[in-house]
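Coordinate analysis (summary)
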Amino acid sequence: MSLEISIKDKIKRNSSMFVNFVKSAVTASPKVQNNFLDVSAKVAETVLKIVKDADLIVDLNYKGKEFWSQNRCKTACFVDGGVDKTSIISSAPLSIRAGSYVVKPDAISKREYFEESMVFLGDLYDPKNELYDFIDDDFEEDQMLNKKKDGARIIFEAATIVKHILLNKKFDYCFLHGPIEGTVMPFSVPGFPTFTKFAVENMFPFAVNKKTDIAARHFINVYLEALNYIKKGKFPIYGIVETSNSAPYVKNLLYNYKSQGKISDKDYNNFIKIIKKYKITDSHLLEIILSSGQALKPIEIKKQIQGFTVTTGSSWEDKMESFPKVFIGYIKTTDNNSPIRIESLNNSKNLIKDYEYILGTSRLLPNYGFPVGLNVVDKFAKIPNWMSKASRKYYATHLLRQAVKNKDQNTISLAVKILSKKARSWRNRPIGGITK
Amino acid sequence: MLKNPNWKSIGTVLGETFIDCFYFSLKNYKAKKGDIVTTDSKVPSSEGKIIPVTVWGKISTIESSNAFFPTEAAQELTNEDIDIRDTILPTTRDELICKVVILGYTKDEDKSSKLLPLIYPVRPAATVKYPSSEDVEALLISDLNSSHPIYIGSLLAREAVKIRIDADNLVSRHVSIFGMSGSGKTVMVRRIMHEMLCKNYPMLVLDIHGDYLGFIQKQQELYPDNKIKLFYPNLSVSSEDKEIIYTLIDKLGKPLTDPQKDFLNSLLEKVKYESGSLLKYVKLLNQRSREYASEGSTSFKNIRPASMYVVARSLGQVAKKLENMEQTNFRHRKKMSKLKFVELADPATEPEKIISKGQLSILYLKGYETLPASAIVSILLENLFKHRQEVNEEIPPFLTIIEEAHNFIPSRSENKDDLPSVETIRKVITEGRKFGTGIMIISQRPSRLDETIASQCNSQIIFRMVNQRDQKATRDRSETLDVDDSKQLPNLANGQGIISGQVVNFSLPVQIKFDEKLINEDIGNENFIDTVENWDDSEAVKERQKFAQDFSDISDIDNRSAN
């Protein structure tokens, strides 16, 4: 009983849980709204019991001054990617870059440095010999563009880590801002373009024999190659996710218990239904269950799952099985924020030390509780507005020039349509009254 | 052509540029605030050609930031006593962004290095260069285009760059020198006086504290060919200036009622006094009014003897105070027995004794209260100005230096509008340019100065200033003081000032050259603790102490027996 009270109190104090409660109040039925607090408390209590039963909670050690004097000799690399926010329609994302921040506190020279690992302006994807890869349907076109951008960012980030491994860098740790393995299902849609030979050659030279095979240059194949290479890396590589909008840890934990016969199929299925119904995520639950400085040991999770509508029957279905499994754990770095998700392709032998290092770097942001190195590289890799603006201007001029050169009236109209598309924005709506 | 391929590159111009300023990213420690920098650019000429130019500017602000260092991290470092160098936080990503106020451009093809106003913005991404000290100095001299430049110090950011100001504008267009006590105003004035003496330009200094007596002490050594005269005031009155008596009674005596004023008026008409010492005149009026009162004179209609006595008493008070001031001034002069003080000549009849070529005249006003001092200055300047206005000029152009100017030209808000010097100085400063009667006003309280007079000064030299009202007054009255420079005013060190206006063309932060040899040795320093440590009582005090105990004992015994 006392446990339940304590969890209920925690829920009341918990900001993200409260936000979810408010969301439910707007979208869910009155019954769901009424039950939210009680259900959440009971779910948390149950998960806590299972987590304790599986002995997954570990207490991490962090004493600021002592920690940093012991770890000042470690070399850490932080990787993040950035995408230009422009939405000019084109076959290629305009500006993408991935940056690395490498730091060794006690180094006598070159204590820290930044690397802009790769910069591509256009021409990342193969345009299939069309002048403009342009789809008539606006909605579909935007979706595809977003997928291309996401695909480009993910591949760039992976390529950056690959490059560090290829160059035999002596890192003690490498951290990626985001999942170590992204879900590839969105890129399995028909018509998703392949990468250019040039791009693949530059990013993944070990895949050089694949350059003649167009299918081998598809995102899913290239990414799989990259992940397999990263998995073999000689230094620990972790992906750190700030907020978890799903419940992979809890679901997989319960699935394992079900597989071991420790809970019934019925209970498992009901539980899954409940967390879907109340939109309960790993973040919500673990924020209540874990205390600051505590971590959950990783469990092995399959990220690419067969059977989704998009992949069913497609040529990619079998490929999903080839992707490496991911080890997912959580660390609650501060009292005030939800735990961060830690992903890796290998189960580390020095797990506690590694997690303590992540906690230490997160404590340098005592309120936000996220590895400060990733915060630094995030700012570095972010494409600044002036760069976006400049690339947009350059691209617009280039596009129109090409169209005029072509002399074909339809092409010119198309170019004008593309350029003028951006001009229609809510910001440009007519203003009432007298305007000066 | 003022362009040197060896100028070091120190930064890169940022994305947006303007006609009047640009921003650039600076290499660490390669330039300072106030430094002069250049960048290559191109401008369209009036003939429609595109010509290469060098744009010159002054660094007005430098901002440093580390976008990669989160504020939260500072909190953890402090709380846990962690050394940042032990952590993974970046320590080398400081970004330095400088704002450059554009001074103008020089044409690369021209031999002249006169600065022209920029008509086209500089190129973004252009390299910013650090010109050599010689080239900066050459530019400043060339741009000043002065036939009489005078050296006053060096550029604050670069000691090697000597700064000169235009003496022609200095003596004709009026200058104001503001700054708090001890900030360097007097050092600056001495520097200017030194240079002007070397040019034999006549100067009249109204010296309240004796700050400029060093010139007399060092005359033989430093200025053997100049005349340096030290005057003490002679309060005189002429037949036309009898109005001063009303003001003196109002300010120094007892205010009069209307019948008493009528009596004073009649008295002034009756008592003949052509011109001469003001004190003697007041004493004469006092004597006559007493006589009339005691006689019960009936020659003044409707005025009773009692009213005459009141006027007499008031005149007596005025005479007493004037006498006291004269005596105080005399005592101060006596302390400096080595110096030769002479009574101020009559400016109406003998102006050449005060103003002549190569002469420095110092009027030592110490001891005088505001009103008499103002009257002295008013009469003096009025007469000298008249001589400059006349067709047959009897005196050459000259520069008047007014120390503690707020005493002579107070703001209207001070309610001292009736000081006679206000009107006189206002006239001289307004019309002075035509007649060669330049004025230099010096004050530590610019907010207390007459607004019209202060704004007539076309050049300003500003030193450290903390008082916000004074800072605002300085900014309001200067058309050329750079806004960013003015923000620096509270942080300037001794002898550091900002010069702006027609003597320099553009605002420049300057370290003034300190002329140690021109300090008045008799004034001494302000180290009173040392003075007390070395204190020895005077002979008179020792004598008094010899008998003091005896007298004290007598009093004690007397008190005991009484009890």
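Residues numbered from 1 in each chain as written. Chains lettered and ligands numbered in written order. Predicted model: local features only at pLDDT ≥ 70, side-chain atom pairs only at ≥ 80, totals over all residues. Heavy atoms only, no water.

**Looking at the environment of A:Lys232**
Along the chain, A:Lys232 falls in the loop between helix H7 (219–231) and strand E6 (237–241). Between the C-alpha atom of A:Lys232 and that of A:Asn346, which follows or precedes it by 114 residues, the distance is 8.8 Å. (Helix = DSSP H or I, 4+ residues; strand = E, 2+ residues; numbered from the N terminus.)

**Some remarks on the packing of aromatic side chains**
All names here are of chain A. Under the defined criterion, the tally for this structure stands at 30 aromatic pairs over all chains. For the ring pair Phe78 and Phe175, a centre distance of 5.3 Å and an interplane angle of 25 degrees mean the geometry is stacked. Here Phe78 is found in strand E2 (residues 76–83), whereas its partner Phe175 is found in strand E5 (residues 173–177), with 97 residues between them in sequence. When its relative accessible area of 0% is taken as the criterion, Phe78 is described as buried. Where Tyr173 meets Tyr357, the ring centres are 4.4 Å apart and the plane angle is 20 degrees; that geometry is what we call stacked. Residue Tyr173 is located in strand E5, and its partner Tyr357 is located in helix H12 (residues 351–363); the two are separated by 184 residues in the primary sequence. Sitting over the ring of Tyr257, Lys262 keeps its end group 4.6 Å from the ring centre. (Phe/Tyr/Trp six-rings, centres within 6.5 Å; stacked < 30°, edge-to-face > 60°. Buried < 20%, exposed > 50% of the residue type's maximum accessible area, 1.4 Å probe, protein only. Lys NZ or Arg CZ within 6 Å of the ring centre and 35° of its normal.)

**What about helix H2 (residues 133–144) of chain B?**
All names here are of chain B. Look at H2: 16 Å from first C-alpha to last across 12 residues, which is about the 16 Å you get at 1.5 Å a residue. Every buried residue belonging to H2 is among Ser133, Asp135, Val136, Glu137, Leu139, Leu140, Asp143 and Leu144, and all of these are buried. One or two steps after H2, the chain reaches Asn145, where phi turns positive at roughly 50 degrees. (Expected span 1.5 Å × (residues − 1).)

**A closer look at the side chain of B:Lys185**
Residue and element names in this part refer to chain B. Within the secondary structure, Lys185 is located in helix H4 (residues 185–198). Buried within the structure, Lys185 lacks any salt-bridge partner; Glu404 is the closest side chain of opposite charge, at an N-O distance of 6.3 Å. Within polar-contact distance, the side chain of Lys185 engages the backbone oxygen of Gly179 at 2.9 Å. Not counting residues within four places of it along the chain, the set of residues in contact with Lys185 comprises Ile177, Phe178, Gly179, Met180, Ile442, Ser443, Gln444 and Phe463. (Lys, Arg positive; Asp, Glu negative; His and termini not counted. Salt bridge = Lys/Arg side-chain N within 4 Å of Asp/Glu carboxyl O. Polar contact = N/O pair within 3.5 Å; in protein donor to acceptor, adjacent residues only side chain to side chain. Contact = heavy atoms within 4.5 Å.)

**Topic: a negative patch on the surface**
Residues B:Glu240, B:Asp241, B:Glu243 and B:Glu274 make up a contiguous surface patch of negative charge. Inspection of the secondary structure assignment puts B:Asp241 in the loop between strand E12 (236–238) and helix H7 (243–252). (Patch = residues over 30% accessible without salt bridge, like charges linked within 9 Å, V, L, I, M, F, W, Y side chains within 5 Å. Areas by Shrake-Rupley, 256 points an atom, 1.4 Å probe, with all protein chains shown as cover. Charge placed at Lys NZ, Arg CZ, Asp CG, Glu CD.)

**Considerations on the pairing of E2(A)**
Residues and elements named next belong to chain A. Most of E2 is tucked away, with seven of its eight residues classed as buried. Sheet topology places E2 next to strand E3 (residues 96–103); eight bridges connect them, and they run antiparallel. Note that in E3 the partner of Gly81 across the bridge is Ala98. (Pairing = 2+ DSSP bridges.)

**Focus: the confidence of the model for chain A**
All names here are of chain A. For chain A, the average pLDDT comes to 79, and 69% of its residues sit at 70 or higher. Contacts from residues 1–5, a stretch scored under 50 in pLDDT, to residues over four places away or in other chains number three contacts. A low-confidence stretch, residues 129–135 (pLDDT under 50), is modelled with 17 contacts involving residues beyond four sequence positions or located in other chains. (pLDDT = per-residue confidence, 0-100.)

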